Amino acid sequence: MYAVKPGYLFVIKSLMKAHPFQVLFVALIWSILLFAQALRICERPLNRNDLNMNFGEYKNAIWNVLVTMTTVGYGDYYARTDFGRIVAFFICIWGVCVVSLMVVTLTNFLNMGVLETKAFSIVERLVTKKEVRETAYDLVSHVLRMTVKSRRGQTIPKSDISMLRRKINDFKAINRQYKSMLDDATNISEEMARQFEFLREEIKKSVETQDKITENAELLTHKMDKINRLFQDDLKSKQGGYNPNPGPRNLESSGVQGVYMNSADGKKAQAN
């Protein structure tokens, strides 16, 4: 199907696409158990002379596999035989692959989709709009308080002036951020409009192509019907030379006129 080879790799990709966390979890558990057993078998003969690193206990082998797969390497348990080091090498390679797949799967899981991104943009724009209103309200109230103080003849302290400047800068910054969000939304709308226009043109081309295909199919059907009629006519003309009940004309054409004329019916036909 679609020139895809249905092999083991395709099955693994399909499982990772459909159930990534379940596949990784099962692969991790089974690999830990199998590698721990292999490491236990390779390192167990040394337990006769050295009991400091007892790989005869299955839990110690599992701990060593976990530490090796995660590339931590505490050093409390390590392989000392040649076969054990070979197993540890494969544990390292498999651990890097599994950890990488986990990171990629988790990243893809946490990435937002198209609709989620749009929803987040709308929520962020609403929150920013609320902050703009609150900042504007705070700025206007501060200006009114300073105006009232100036009309009453009170001296405006420098702290109020510096606070006014800070609030003006905050309002400009938040307003600039809100305008940039509106521009992004406008650009997104324009991009969507362009995409819809492109899609409309593609649909129009597809409809025209389909109409041409329909016309060609009708023309081909008409030609096939004509060929079938000609074939049937030719077949009937060939079958006309052999008739189980031939008439007089057929007899004449078939060369048996003498037999027909010698019969009683033939004589009557001659008399008439």
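**Digging into the overall build of the protein chain**
1) Next: Counting its secondary structure elements, the protein chain contains nine helices and zero strands.
2) Next: Listing every helix and strand of the protein chain by position from the N terminus yields α-α-α-α-α-α-α-α-α.
3) Next: When each of the 272 residues of the protein chain is scored for burial, the buried share is 17%.
4) Next: The contacts of the protein chain with a sequence gap of at least 6 include a subset with a gap of at least 24, amounting to 59%.
5) Next: Of the roughly 21,800 Å² of accessible surface on the protein chain, 62% is carried by carbon and sulfur atoms.

**Considering helix α2 (residues 20–43)**
1) Next: A rise of 1.5 Å per residue sets the reference length of α2, with its 24 residues, at 34 Å; its end C-alpha atoms lie 34 Å apart and thus fit the reference within 8%.
2) Next: On its buried face, α2 sits against α1 (8–18), α3 (58–69) and α4 (82–110).

**So, the packing of α3 against α4**
1) Next: One can describe the packing of α3 onto α4 by two numbers: an axis separation of 8 Å at closest approach and a directional angle of 55°. It follows that α3 is oblique to α4 by the angle criterion. Crossing angle aside, the handedness with which α3 passes α4 is right-handed. Counted together, V65, T68 and M69 of α3 and A88, I91, C92, W94, G95, V96 and V99 of α4 form the full contact between these two elements.
2) Next: A class-by-class count of the residues in the contact of α3 with α4 yields eight nonpolar, two polar and no charged.

**So, helix α5 (residues 114–151)**
The periodicity of an α-helix, 3.6 residues per turn, causes residues three or four positions apart to be oriented the same way.
1) Next: Its 38 residues give α5 an end-to-end C-alpha distance of 55 Å, which sits within 8% of 56 Å, the value for a rise of 1.5 Å per residue.
2) Next: Within α5, burial applies to T128, V132, L139, S141, H142 and M146.

**Notes on a nonpolar patch on the surface**
1) Next: Together, F25, V26, I29, W30, L33, L34 and Y58 make up a nonpolar patch on the protein surface, roughly 690 Å² of accessible area in all.
2) Next: The leading source of residues in the nonpolar patch is α2, at six residues.
3) Next: Here I29 falls in the partly exposed class, since its relative accessible area comes to 36%.

**Some points on a negative patch on the surface**
1) Next: There is a patch of like negative charges on the surface, built from E208, D211, E215 and E218.
2) Next: The exposure class of D211 is partly exposed, given its relative accessible area of 41%.

**Quick look at the layout of surface pockets**
1) Next: Here the largest pocket defines a volume of roughly 330 Å³.
2) Next: Around the largest pocket sit 16 residues that line it, and M16, K17, P20, L101 and T105 are the ones nearest its centre.
3) Next: Where the lining of the largest pocket is concerned, the elements lending two or more residues are α1, α2 and α4.
4) Next: In terms of residue count, the dominant contributor to the lining of the largest pocket is α4 (seven residues).
5) Next: A breakdown of the residues in the lining of the largest pocket according to their chemical character gives 13 nonpolar, two polar and one charged.

**A closer look at the side chain of R40**
1) Next: Turning to its location among the elements, R40 is positioned in helix α2.
2) Next: Among buried Asp, Glu, Lys and Arg side chains, R40 stands out as unpaired, with E57 the closest opposite charge at 8.9 Å.
3) Next: In this structure R40 touches F55, G56, E57, Y58 and A61, once residues within four positions along its chain are discounted.

**Details of the packing of aromatic side chains**
1) Next: Enumeration over the complete set of coordinates arrives at four aromatic pairs.
2) Next: A centroid spacing of 5.6 Å and a plane angle of 70° characterise the contact between F89 and F90, whose relative ring orientation is edge-to-face.
3) Next: By relative accessible area, which is 48% here, F90 ends up partly exposed.

**A closer look at the nonpolar core**
1) Next: F35, L39, F55, V65, M69, V87 and I91 are the most contacted members of the largest nonpolar core, which totals 14 residues.
2) Next: At the level of elements, α2, α3 and α4 are the ones that each hand at least two residues to this core.
3) Next: Of the residues forming this core, the biggest block, four residues, is contributed by α2.

Cut-off values and rules
- Residues numbered from 1 in each chain as written.
- Predicted model: local features only at pLDDT ≥ 70, side-chain atom pairs only at ≥ 80, totals over all residues.
- Heavy atoms only, no water.
- Helix = DSSP H or I, 4+ residues; strand = E, 2+ residues; numbered from the N terminus.
- Buried < 20%, exposed > 50% of the residue type's maximum accessible area, 1.4 Å probe, protein only.
- Contact = heavy atoms within 4.5 Å.
- Areas by Shrake-Rupley, 256 points an atom, 1.4 Å probe, with all protein chains shown as cover.
- Expected span 1.5 Å × (residues − 1).
- Axes fitted to C-alpha atoms, helices over the stretch in contact; angles between N-to-C directions.
- Parallel < 35°, antiparallel > 145°, perpendicular 65-115°, else oblique.
- Left-handed = near helix turned anticlockwise from the far one by under 90°.
- Nonpolar A, V, L, I, M, F, W, Y, C, P; charged D, E, K, R; others polar.
- Patch = residues over 30% accessible without salt bridge, like charges linked within 9 Å, V, L, I, M, F, W, Y side chains within 5 Å.
- Salt bridge = Lys/Arg side-chain N within 4 Å of Asp/Glu carboxyl O.
- Lys, Arg positive; Asp, Glu negative; His and termini not counted.
- Charge placed at Lys NZ, Arg CZ, Asp CG, Glu CD.
- 1 Å grid on protein atoms, 1.4 Å probe; cavity = no way out; pocket = protein on both sides within 12 Å on 5 of 7 lines; lining within 4 Å.
- Points joined across faces, edges and corners; volume = space filled by probe spheres on them.
- Phe/Tyr/Trp six-rings, centres within 6.5 Å; stacked < 30°, edge-to-face > 60°.
- Core = buried A, V, L, I, M, F, W, Y, C linked by side-chain atoms within 4.5 Å.

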